[in-house]
Each structure stands twice: as C-alpha cells, then as structure tokens.
Amino acid sequence: TGAAGVRSQPTVTSRNSAKGKARGKVSLPRARLELKGELLPLAPLRELLAEIAPWKDALVSRWLASYHQAFDGGGSFVPAELRSHMESELALIVGCASTGSLDELWARLQEVGRGHAEAGVPYGELVIMMSLLEETVVAELAAHGAPPERQLAAYLLFDRLSHYRIAKLAEAYFYRYIE
C-alpha cells in the first residue's frame, strides 16, 4: 500500500510493450462468473419475447438497418452472413428464455463469443450490436402501438439481459487469452 493506505497499482508489461522492455503476461483469475436466473426476471422476459416473436423478420430487418447505419455500411461481419447471425442470436435468446434454460443461454453465448473472438470481431462491436437490439425491440413495440410504459419496461428488461450477455461475452473474449 502507498500513502494514506491507498494501494498502488501493479506494474504490468504487455506483449506489446516498447522494444527492449521485458515482456510479461497478465494473470487473470480463473473463476467463472456464475449468473443466477433469479436476477433476470424470466416471466416478464418470456412475456415480452412471446409478444415480439411474430415480428422477428421485422425486428431483424430493423436491427440490420441500425447496424449498417451505426457502422456506416461497414463493420466486421460479412454482409451476406450478418442477417443469418442476427436471426440466430434472436432465436437463441427466444428459445432459451422460453424453455427457462438460462444456463444454456449463457453457455451458448460463450461459444458464440469465442467464435467471434477467433474471427477477430471487436468486442466493442458486439456490445454496440446488443444496444442496437434493445433499441430495435422498443422501436418495434412503438410501431405496433405499445404504450410508452410498455416500451420502457421492455427496454429495461432487454438492457438487463444485455448486461448479462456482455458479462458472458467478456469472459469468452478475455479468457481466450489465458486458456
């Protein structure tokens, strides 16, 4: 500890350090994040997913348009595969939530995350895609006449889901470097 009991930050040398400096490896804890289903209210999530399920094609189209706008027509995904990826991700969320298998959802998200990491998709791009999905769901609810309080409730529910997804994707990305 340093002055006034404040811990000093450890010195970390990365593999990308300037030439001539020692190279090191960051040590990360091996513990995995265990997410408990009760922290994500399944009943309201199932209700919301059942409500939006008939609009899945419109949702994916709107999400795709948002992605192209956010990334100015670019992004890391191969354009021909992006729609399929979005459809699969939405189906994964709907399928696992409807069966109540959040453990399966988290495990599958880690698999998907590892695949994205291996393919070189930037982690930040995936986080932005999650945010775009939240906005897409709210916009689609509004287009179908949902009152503002329903839109807000849906946004908050998808936002909570996104935070869980971000945590699991982070594990997939960051643990990739130490496994």
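Residues numbered from 1 in each chain as written. Predicted model: local features only at pLDDT ≥ 70, side-chain atom pairs only at ≥ 80, totals over all residues. Heavy atoms only, no water.

**Q** An account of the pattern of salt bridges is needed here, citing residue identities and associated values.
**A** One pass over the structure, following the stated rule, counts 6 salt bridges. Here Arg 150 ties to Glu 51 by a salt bridge, and the two come within 2.6 Å at their closest N and O atoms. Within this pair, whereas Arg 150 is found in helix H6 (residues 148–175), its partner Glu 51 is found in helix H1 (residues 42–52), the two being separated by 99 residues in sequence. Across the pair Glu 171 and Lys 168 runs a salt bridge, and its minimum N-O distance is 3.3 Å. One end of the pair, Glu 171, and the other, Lys 168, are both in helix H6, 3 residues apart, so they sit about a helical turn from each other. (Salt bridge = Lys/Arg side-chain N within 4 Å of Asp/Glu carboxyl O. Helix = DSSP H or I, 4+ residues; strand = E, 2+ residues; numbered from the N terminus.)

**Q** Requested: an account of the packing of helix H2 (residues 56–70) against helix H5 (residues 123–143), with residues and values cited.
**A** The geometry of H2 relative to H5 is characterised by a closest axis approach of 9 Å and an angle of 130 degrees between their N-to-C directions. Between H2 and H5, the crossing angle belongs to the class labelled oblique. Our pair here, H2 against H5, has a crossing hand that is right-handed. For the pair H2 and H5, the contacting residues are Ala 58, Leu 59, Arg 62, Trp 63, Ser 66, Tyr 67 and Ala 70 in the first and Glu 125, Met 129, Leu 132, Leu 133, Thr 136, Val 137, Ala 139, Glu 140 and Ala 143 in the second. Here the residues of the contact of H2 with H5 sort into 11 nonpolar, 2 polar and 3 charged. (Axes fitted to C-alpha atoms, helices over the stretch in contact; angles between N-to-C directions. Parallel < 35°, antiparallel > 145°, perpendicular 65-115°, else oblique. Left-handed = near helix turned anticlockwise from the far one by under 90°. Contact = heavy atoms within 4.5 Å. Nonpolar A, V, L, I, M, F, W, Y, C, P; charged D, E, K, R; others polar.)

**Q** How would you summarise helix H4 (residues 102–119) if you had to cite specific residues and measurements?
**A** Across its 18 residues, H4 extends 25 Å between first and last C-alpha, which sits within 8% of the 26 Å expected from 1.5 Å per residue. Within H4 the residues assigned to the buried category are Leu 102, Leu 105, Trp 106, Leu 109, Gln 110, Gly 113, His 116 and Ala 117. Considered in projection along H4, the buried side chains sweep an arc of 135 degrees and stay on one side of the axis. Residues of H4 that are exposed and point over 90 degrees away from its buried face: Asp 103, Glu 111, Glu 118 and Ala 119. Looking at the buried positions of H4, the neighbouring elements they touch are H1, helix H3 (79–99), H5 and H6. Phi for Gly 120, located one or two positions after H4, is positive at around 85 degrees. (Expected span 1.5 Å × (residues − 1). Buried < 20%, exposed > 50% of the residue type's maximum accessible area, 1.4 Å probe, protein only. Arc of directions from axis to C-beta.)

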